[in-house]
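Structural overview
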Amino acid sequence: MNILVVGGGGREHAIIKKLRENPTVERIFCLPGNGGIARDAECFAISSTDIPAIVEFAKTHPVDYAVVAQDDPLVLGCVDELNSIGIPCFGPDKKAAIIEGSKVFSKNFMKKYNIPTAEYEVFDDPEKALEYLKTARIPTVVKADGPALGKGALVCMTRDDAFCAVREIMEDKKFGASGDRIVIEEYMTGPEVTVLSFTDGETVVPMVSSTDHKRALTGDLGLNTGGMGTVAPSPYYTKEAEKLALERIILPTVAAMKAEGRPFKGCLYFGLMITADGPKVIEYNCRFGDPETQVVLPLLKSDLLEIMLATTNGTLGDTRVEFSDGAACCVIMASKGYPEKYEKGFVITVPDELWDSVYIAGAALDNGRLKTSGGRVLGAVAVEDNLRKAVDSAYEKVKMIHFENAYYRTDIGKKALAAQNEV
Ligand code: AMP
Ligand code: GLY
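An account of the accompanying structure is given in this report. The shown structure was predicted, so the numbers you read here are calculated from the model rather than taken from an experiment.

1. As for the overall build of the protein chain
- Each helix and strand in the protein chain was counted, giving 13 helices and 23 strands.
- In terms of C-alpha radius of gyration, the protein chain reaches 21 Å, essentially the compact-globule figure of 22 Å for 423 residues.
- Principal-axis analysis of the C-alpha atoms places the extent of the protein chain at approximately 60 × 45 × 45 Å.
- Buried positions account for 56% of the 423 residues belonging to the protein chain.
- A separation threshold of at least 6 residues defines the contact pool for the protein chain, and within that pool the share at least 24 residues apart is 68%.
- As displayed, the protein chain has an accessible area near 17,800 Å², and 49% of this comes from carbon and sulfur atoms.
- Each charge class in the protein chain can be summarised by its mean position, and for the 48 positive and 60 negative side chains these summaries are 2 Å apart.

2. Some words on the site of ligand 2
- All residues adjacent to ligand 2 are D212, G226, Y269, N285, R287, G289, D290, P291 and E292.
- The separation between an oxygen atom of ligand 2 and a polar side-chain atom of N285 is 3.3 Å.
- Here a nitrogen atom of ligand 2 and a side-chain polar atom of E292 are 2.8 Å apart.
- Its residues placed into classes, the shell around ligand 2 shows 2 nonpolar, 3 polar and 4 charged.

3. Description of a nonpolar patch on the surface
- Judged by side-chain polarity, V155, M157 and Y187 come together as a nonpolar surface patch covering roughly 270 Å² of accessible area.
- Within the element layout of this structure, V155 appears in strand 8 (residues 153-156).

4. So, the sheet that holds strand 10 (residues 192-200)
- As summarised here, the arrangement of the 4 strands in space is 11-10-16-17, forming an open sheet in which the pairing is antiparallel. Two strands lie at the open edges of the sheet, namely strand 11 (204-206) and strand 17 (278-285), each paired on one side alone. The sheet shows a mean angle of 35° between the axes of neighbouring strands, taken without regard to direction.
- In terms of strand pairing, strand 10 meets strand 11 through 3 bridges, oriented antiparallel. Looking across to strand 11, one finds that F198 is bridged to V205.
- Helix-sheet contacts for helix 11 (residues 304-313) involve strand 10 and strand 16 (265-275), and the interaxial angle to strand 10 is about 65°.

5. Here's the deal with the packing of aromatic side chains
- Inspection of the entire model under this criterion finds 11 aromatic pairs.
- Relative to Y408, the ring of Y395 lies with its centre 6.1 Å away and its plane at 45°, an arrangement referred to as tilted. Of this pair, Y395 sits in helix 12 (residues 387-400) while Y408 sits in the loop between strand 23 (406-407) and helix 13 (414-419), and the two are 13 residues apart along the sequence.
- Judged by its relative accessible area of 11%, Y395 falls in the buried class.
- Owing to a relative accessible area of 26%, Y408 belongs among the partly exposed residues under this scheme.
- Taken together through their ring pairs, the aromatic side chains of F105, F109, Y113, F270 and Y284 make up a single cluster.
- Of note, R39 hangs over the ring of W355, and the distance from its end group to the ring centre comes to 3.8 Å.
- One cation-aromatic arrangement involves R287 over Y269; the distance from NZ or CZ to the ring centre is 5.8 Å.

6. Concerning the sheet that holds strand 1 (residues 3-7)
- The sheet built from 5 strands is open, its strands ordered 3-2-1-4-5 with parallel pairing. Bordering the open sheet on either side are strand 3 (42-43) and strand 5 (89-90), each of which pairs with just one other strand.
- Inspection of the sheet shows strand 2 (residues 28-32) paired to strand 3 by 2 bridges, in the parallel sense. Across the sheet, residue C30 finds its bridge partner in strand 3, namely C43.
- Together, strand 1 and strand 2 form the strand contacts of helix 2 (residues 51-60), whose direction differs from that of strand 1 by roughly 165°.

7. Quick look at the nonpolar core
- If you look at the biggest cluster of nonpolar residues, it comprises 45 residues, and the most contacted ones within it are L4, I54, L82, I99 and F109.
- At 7 residues, the largest contribution of residues to this core is made by helix 9 (residues 239-259).
- Apart from residues lying up to four places away in sequence, F109 is in contact with I99, I115, T253, A256, M257, E260 and Y284.
- Formed by 42 residues, the second largest nonpolar core is a distinct cluster that contains I15, A69, M207 and L305.

8. What to know about the site of ligand 1
- Close contacts around ligand 1 come from 15 residues, with E185, E186, M188, E192 and E283 the closest.
- Note that a nitrogen atom of ligand 1 is positioned 2.8 Å from one of the backbone N or O atoms of M188.
- For ligand 1, the protein covers 91% of the area, taking 480 Å² as the surface of the free molecule.
- Those elements giving two or more residues to the shell around ligand 1 turn out to be strand 7 (140-144), strand 8, strand 9 (182-186) and strand 17.
- In the shell around ligand 1, the residues fall into 8 nonpolar, no polar and 7 charged.

9. Brief notes about helix 8 (residues 159-171)
- Taking 1.5 Å of rise per residue, 13 residues should cover 18 Å, and helix 8 covers 17 Å from first to last C-alpha, within 8% of that figure.
- Looking only at helix 8, the buried set comprises A162, F163, A165, V166, I169 and M170. Axial view of helix 8: buried residues confined to an arc of 160°, hence all on one face.
- Along its buried surface, helix 8 packs onto strand 6 (120-123), helix 7 (126-133), strand 7, strand 8 and strand 9.
- Where helix 8 ends, the next residue or the one after it, K173, has phi of about 55°, a positive value.

Calculation notes
Residues numbered from 1 in each chain as written. Chains lettered and ligands numbered in written order. Predicted model: local features only at pLDDT ≥ 70, side-chain atom pairs only at ≥ 80, totals over all residues. Heavy atoms only, no water. Helix = DSSP H or I, 4+ residues; strand = E, 2+ residues; numbered from the N terminus. Rg over C-alpha atoms; globule rule 2.2 N^0.38 Å. Buried < 20%, exposed > 50% of the residue type's maximum accessible area, 1.4 Å probe, protein only. Contact = heavy atoms within 4.5 Å. Areas by Shrake-Rupley, 256 points an atom, 1.4 Å probe, with all protein chains shown as cover. Lys, Arg positive; Asp, Glu negative; His and termini not counted. Charge placed at Lys NZ, Arg CZ, Asp CG, Glu CD. Near = heavy atom within 4 Å. Polar contact = N/O pair within 3.5 Å; in protein donor to acceptor, adjacent residues only side chain to side chain. Nonpolar A, V, L, I, M, F, W, Y, C, P; charged D, E, K, R; others polar. Patch = residues over 30% accessible without salt bridge, like charges linked within 9 Å, V, L, I, M, F, W, Y side chains within 5 Å. Salt bridge = Lys/Arg side-chain N within 4 Å of Asp/Glu carboxyl O. Pairing = 2+ DSSP bridges. Axes fitted to C-alpha atoms, helices over the stretch in contact; angles between N-to-C directions. Phe/Tyr/Trp six-rings, centres within 6.5 Å; stacked < 30°, edge-to-face > 60°. Lys NZ or Arg CZ within 6 Å of the ring centre and 35° of its normal. Core = buried A, V, L, I, M, F, W, Y, C linked by side-chain atoms within 4.5 Å. Expected span 1.5 Å × (residues − 1). Arc of directions from axis to C-beta.

Structural data, given as structure tokens:
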């Protein structure tokens with residue numbers, strides 16, 4: 001079988017490496033991929049948001065199945081377009097991808113179906129939003145309705161910050177038309193847990209839980225990023241939290257999407273906060289998380305391609321999905337300065353024996369040499385039988401990988417280990 005993967009980061013590298021474990025997989029094409037993914041797939045310089053070019057590629061290459069891994073193409077309807085030329089896909093259609101594409105949709109959806117989330121108000125007029133904020137509870141969170149590269153949620157610790165957030169999003173259009181509408185929501189507290197779930201629209205199978213580290217700098221300082229490291233399983237996802245999340249959030253969400261005429265097929269990402277009142281939804285995403293995938297898929301014992309095909313065919317209920325009892329840690333090595341200004345073009349050296357556990361995100365080939373080309377450059381991943389060992393082993397690997405201007409957090413997994421009383 002030949003597979004087309006749409007996307008080009010560490011998440012896609014992790015998906016591709018896992019798909020390679022299936023002996024029936026022959027060619028894997030990746031659009032656009034990157035210099036590291038090129039070791040494991042045939043990469044072509046087609047943007048993941050250029051849907052007509054992706055469709056044209058699929059028409060002119062022997063593609064049997066497509067995995068649309070990234071949010072933007074999913075929200076733009078890449079799956080619908082590929083389906084229309086007869087190519088089955090892993091991933092939701094446009095109607096279902098709206099669960100990530102519009103915060104207003106997802107908040108109204110959760111309210112309608114009584115799914116626990118932060119209290120909120122929706123505004124399409126900045127004056128009304130500013131008026132509301134004069135008496136709103138602080139801290140508060142201001143979110144752009146539409147996609148904003150993961151940067152559309154502004155946590156405001158003061159009233160002035162909240163006024164600024166509304167002006168930036170609605171008046172200065174920091175995120176373009178994504179800020180035509182906003183959600184202002186209650187500030188919640190508690191540890192964050194990601195639960196990725198396979199679903200065929202009817203059956204839902206949660207994967208092992210994980211926890212991301214969103215801030216750029218060690219000690220949870222600096223700006224929010226796409227994610228600087230992850231651990232799995234998350235110690236915050238206790239048996240009790242898991243039971244409540246399943247009953248109140250995961251099963252009702254999949255059933256409600258079906259009831260809305262938007263059955264969700266693919267990977268549904270539940271971003272949860274474990275509050276004093278139980279788990280609540282921070283956000284839904286319509287795809288695998290990055291860098292959550294880099295710790296979740298290495299723990300998957302079953303065949304990824306079989307599971308993916310089952311989500312497409314509606315046979316997930318008959319498919320084995322098993323995770324190992326071990327633990328995994330991913331440490332992201334970034335370019336110093338990320339997520340703001342950084343230099344690129346530095347040669348990356350990875351010892352041969354580490355390639356199996358390195359997932360490349362921002363690197364390009366230049367005359368056969370792998371050089372940095374993005375903010376998050378790569379993730380070093382270790383799988384061990386417990387979290388302590390996985391964290392130590394991931395940092396051992398990081399020390400063996402080199403590029404100029406490399407930056408990584410030194411505390412990935414530290415809080416998780418403390419929560420497990422292992423520190
Ligand atoms: P989002 O883009 O919705 O995932 O939000 C990015 C980050 O902002 C989350 O990972 C949380 O750390 C934080 N956040 C979002 N919504 C809330 C909320 N209602 N209360 C507290 N923190 C939040
Ligand atoms: N790691 C957060 C995300 O993928 O959205």
